[in-house]
Structure formats: structure tokens, C-alpha cells
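Residue strings, one per chain:
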Amino acid sequence: MPTYSASDIAPVSADRESLAIAGDSGLTFAGRLRPTWSGVGAGLAWLAFGYASLHWPDIGDWSRTEAVAYVAFAVAALILVATTAHAALGKFGEGVQKRAPWLLALGVFLTLWELATAKFGWLPLPFFPPPQSIVEVYTDDAPKLLDSVFASVKLQLGGYFIGAVVGFLTGVSIGWSRLAGYWVHPILRFIGPLPATAWLPIAFFTFPSSWSASTFLIALATGFPVTVLTWSGVASVSTAYYDVARTLGAKPSFLVTKVAIPAALPHVFVGLFMGLGASFAVLVVAEMIGVKAGLGWYLQWAQGWASYNNMYAALIVMSLLCSGAITLLFRVRDRLLVWQKGVVKW
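All figures in this text were calculated on a predicted structure; none of them were measured in a lab. (Residues numbered from 1 in each chain as written. Predicted model: local features only at pLDDT ≥ 70, side-chain atom pairs only at ≥ 80, totals over all residues. Heavy atoms only, no water.)

**Some thoughts on the overall build of the protein chain**
- Each helix and strand in the protein chain was counted, giving 14 helices and zero strands.
- From first element to last, N terminus to C terminus, the protein chain shows the α and β order α-α-α-α-α-α-α-α-α-α-α-α-α-α.
- Per-residue burial over the protein chain gives 38% buried out of 346 residues.
- For the protein chain, the share of sequence-separated contacts (at least 6 apart) that also reach a separation of at least 24 residues comes to 72%. (Helix = DSSP H or I, 4+ residues; strand = E, 2+ residues; numbered from the N terminus. Buried < 20%, exposed > 50% of the residue type's maximum accessible area, 1.4 Å probe, protein only. Contact = heavy atoms within 4.5 Å.)

**Some words on the packing of aromatic side chains**
- A full pass over the atoms with the stated rule returns eleven aromatic pairs.
- Ring centres 6.1 Å apart and planes at 80° place the aromatic pair Trp-46 and Phe-49 in the edge-to-face group. Taken as a pair, Trp-46 and Phe-49 lie in helix α2 (residues 37-55) at a separation of three residues, close to a single helical turn. When sorted by exposure, Trp-46 lands in the same class as Phe-49, which is buried.
- Measuring from ring centre to ring centre gives 5.7 Å for Phe-109 and Trp-113, while their planes differ by 40°; the resulting arrangement is tilted. Separated by four residues within a single helix, Phe-109 and Trp-113 lie in helix α5 (residues 100-119), roughly one turn from each other. (Phe/Tyr/Trp six-rings, centres within 6.5 Å; stacked < 30°, edge-to-face > 60°.)

**Things to note about unusual backbone geometry**
- Cis geometry marks the peptide bond from Leu-125 to Pro-126, where omega comes out at 5°.
- For Pro-126, the position within the fold is in the loop between α5 and α6 (131-140).
- Positioned with a positive phi, Ala-306 is a non-glycine residue whose angle comes to about 55°.
- Within the secondary structure, Ala-306 sits in the loop between α13 (295-304) and α14 (308-336).

**Re the pattern of salt bridges**
- Scanning the model with the defined rule gives five salt bridges in all.
- Where Arg-64 meets Asp-140, a salt bridge forms, and the shortest distance between an N and an O atom there is 2.8 Å. Of this pair, Arg-64 sits in the loop between α2 and α3 (65-84) while Asp-140 is found in helix α6, placing the two residues 76 residues apart along the sequence.
- A relative accessible area of 23% means that Arg-64 is categorised as partly exposed.
- Ionic pairing is found between Asp-334 and Arg-333, a salt bridge with its closest N-O pair at 2.5 Å.
- Judged by relative accessible area, Asp-334 falls into the partly exposed class, the value being 40%.
- Bridged by salt links that share partners, the residues Asp-58, Glu-114 and Lys-119 form one connected network. (Salt bridge = Lys/Arg side-chain N within 4 Å of Asp/Glu carboxyl O.)

**Brief notes about helix α12 (residues 252-289)**
- Along its 38 residues, α12 runs just 47 Å from first to last C-alpha, ending more than 12% under the 56 Å computed at 1.5 Å per residue.
- Where α12 bends most, the angle comes to about 55°, and this point is Leu-265, followed within four residues by the proline Pro-266. (Expected span 1.5 Å × (residues − 1). Bend = angle between axes of the 7 residues up to and from the residue.)

**A short note on a nonpolar patch on the surface**
- A cluster of nonpolar side chains, contributed by Tyr-51, Trp-56, Phe-120, Trp-122, Leu-123, Phe-127 and Phe-128, occupies part of the molecular surface with about 730 Å² of accessible area.
- Along the chain, the position of Phe-127 falls in the loop between α5 and α6. (Patch = residues over 30% accessible without salt bridge, like charges linked within 9 Å, V, L, I, M, F, W, Y side chains within 5 Å. Areas by Shrake-Rupley, 256 points an atom, 1.4 Å probe, with all protein chains shown as cover.)

**A word on the packing of α12 against α14**
- Where α12 contacts α14, the axes come no closer than 11 Å and their chain directions differ by 160°. On the basis of the axis angle, α12 is roughly antiparallel to α14. Judged by the twist between their axes, the crossing of α12 over α14 is right-handed. Seen from α12, the contacting residues are Phe-269, Leu-272, Phe-273, Leu-276, Phe-280 and Val-284; seen from α14, they are Met-318, Leu-321, Cys-322, Ala-325, Ile-326, Leu-329, Phe-330, Val-332, Arg-333 and Leu-336.
- A breakdown of the residues in the contact of α12 with α14 according to their chemical character gives 15 nonpolar, no polar and one charged. (Axes fitted to C-alpha atoms, helices over the stretch in contact; angles between N-to-C directions. Parallel < 35°, antiparallel > 145°, perpendicular 65-115°, else oblique. Left-handed = near helix turned anticlockwise from the far one by under 90°. Nonpolar A, V, L, I, M, F, W, Y, C, P; charged D, E, K, R; others polar.)

**Examining the packing of α12 against α13**
- Between α12 and α13, the shortest axis-to-axis distance is 7 Å and the interhelical angle comes to 55°. Comparing their axes, α13 and α12 come out oblique. You can see that α12 and α13 cross each other, and the crossing is right-handed. Along the contact surface, α12 presents Val-284, Glu-287 and Met-288, while α13 presents Leu-295, Gly-296, Trp-297, Leu-299 and Gln-300.
- Residues of the contact of α12 with α13, tallied by class, amount to five nonpolar, two polar and one charged.

**Re the confidence of the model for the protein chain**
- Confidence in the prediction for the protein chain averages 85 pLDDT; 88% of positions are at 70 or higher.
- No element of the protein chain has a lower mean pLDDT than helix α1 (residues 6-32), which averages 45, and none a higher one than α5, which averages 95.
- Throughout residues 1-27 the model reports pLDDT below 50, and contacts reaching past four residues in sequence, or to other chains, amount to one contact. (pLDDT = per-residue confidence, 0-100.)

Right, here's the structure in full:
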């Protein structure tokens, strides 16, 4: 009767496993080169945008039509390659594949926009400029636009930082101290609900310069939601945390910095997000009325000269700046609140 040892069986099993892994790898690699419907649709939409830009003549004089078309063709090729081999390209391919429906919608929108403005004039000019007209602003008027972006970012960061710091400290004081709540709460209820833009006449009369007045208004718009949400976060901390810390000999300063503030951080970030949106609105109004610099001033200047392509270009830049600031704030929140991952729902 033949007998087999474990050492005789192991090589055979290992060979079979290696062959199975090799077969699975081959199937997986073949699957990686399969195009997806959303990716093909997005690529075709961008091809249609480029074709529409080159096929029909422009009804106006725009010098960036060919450049826009060639960029559209390049984007279409990139989408098709990335979505076809998205599994083999790692995070980049997966990211493009995930955004393929949005890329499809954007390609269709750009195609219709091009046809309705530059080719057939369905939408009246200059109120609705074509895409290549927006591109001309970014290439020909880049220095002025960049100066406006720098001025807006500098003003926004200064006012937002001051408002966030003052609002955070005020919220912690109200949430922790009854005495501070007694004196500050009525003032907060009187000033907070008023929109920051309502203080424009007083601010521009009181402060020595329009820059300092605008900084104050941005800080005011930021500080109110940060104060309220920080106060709510500190006040809602469970008393059991304080009792445990006191049992272990914690002092009041430890209770504030190591118990109350960390537990209130989710509420603080909600206030920071709300203050960010409010501060951007005040920024534009302040730059339009008082500060002769920034994207708000650029919008008013473009509207005065009926340069609607410049106006739309500034609006796109403003939207990207706000979206980038929100994304950055999300990254900071995820880094600071990594210890609460899975506990706090956003």
C-alpha cells in the first residue's frame, strides 16, 4: 500500500496554488483593460466638444478656439485611457473612473455652451461669452487677475483667522464660565443675528482704512458661528468626563484644555465651515464697495466695462478658491479628529 508524506504533497499543492494565482492574475489584468460605459461616454462628450469647436466657424473673433479644441481632444484621450485601464493605473485611474459621470456631464455642457454661443448665437453676446472667451481672460489678463486673487486671499485669511480665534476663545469662555455667559450672551444675541454687511457704514466710518474695516467685517461674519458652535460643544460635554478627570486629580485648566476643548472640536469645525462661507460673501461685498482690490473689485470693474467674459472668469476663480479652502479645512479636521473616526458622523 503506497504512502505519501507531507513533504511529498506540499510541492504539488504549492504548484497548483501558483498556477491558480497566475490564472487569476491573468484574468484580473485582462479585466483591467475593459472600457466602462461612463468612461466611453465621457470621452465621446469631450471629443464632441473639440469637434464642435473646430467644425463650425465662430460668429465672433476669438483667438483661442483651436487651442480649446486641442485641449478637449487631449482630455478625451486621457479619460478613455484612464477609464479603460483604471484598475492598472491605481488611484489616478480609480479617481477618473469615479468622476466619469461628472466628466460626461461637463463635456455635454461645454459642447452645448460652445454651440449656443460661439457657433450659432442662440444666447446673446456679450452677456453669454463662449468657453474660448473665458480662456482668453486667463491667458491675456492673467497679471491683473492674479493680483486680484492675491489681494482677496490676503484679506480673507486675515479676517477669517482673527474671527476664528476670537470666536473660539469667546465660545470656550461662555461654555465654561457662567460669569462670562452672563455678560457676553446678551451682547452675542444682539450683534450676532445681524448680517455683517449691515455694519458696512459704521465700519468704514470708524476704522482708519477700508482694508481694516473689511477685515473687521470678515472677522465678524466668521466669529459669530464659531462662537455659537464652540459654546454649544463645550456646554454639551458629558459631566461624567469631568468627574473622572477630577477623581484623578485634574485641575480646572486641565479640564478645559484636555477634556472640554477636545470633546467640542467637532462642533468647532462645523462653526468654522459656516464661518468660511459667510466670510466669502462679506469679502466680495467689501471689495465691491470699499476696497479697491481683489476679486470683488475685479467683478465690479468687469461689469462696468461690460466685460462679461472677465466677470465669469473671476466667478470661476472665486468658486475654486472657496472649494479649495473647504477641502483644506476638511483635511485639517480629519487630521485633528482622527481619534474620533467612526464616532462622529459628518
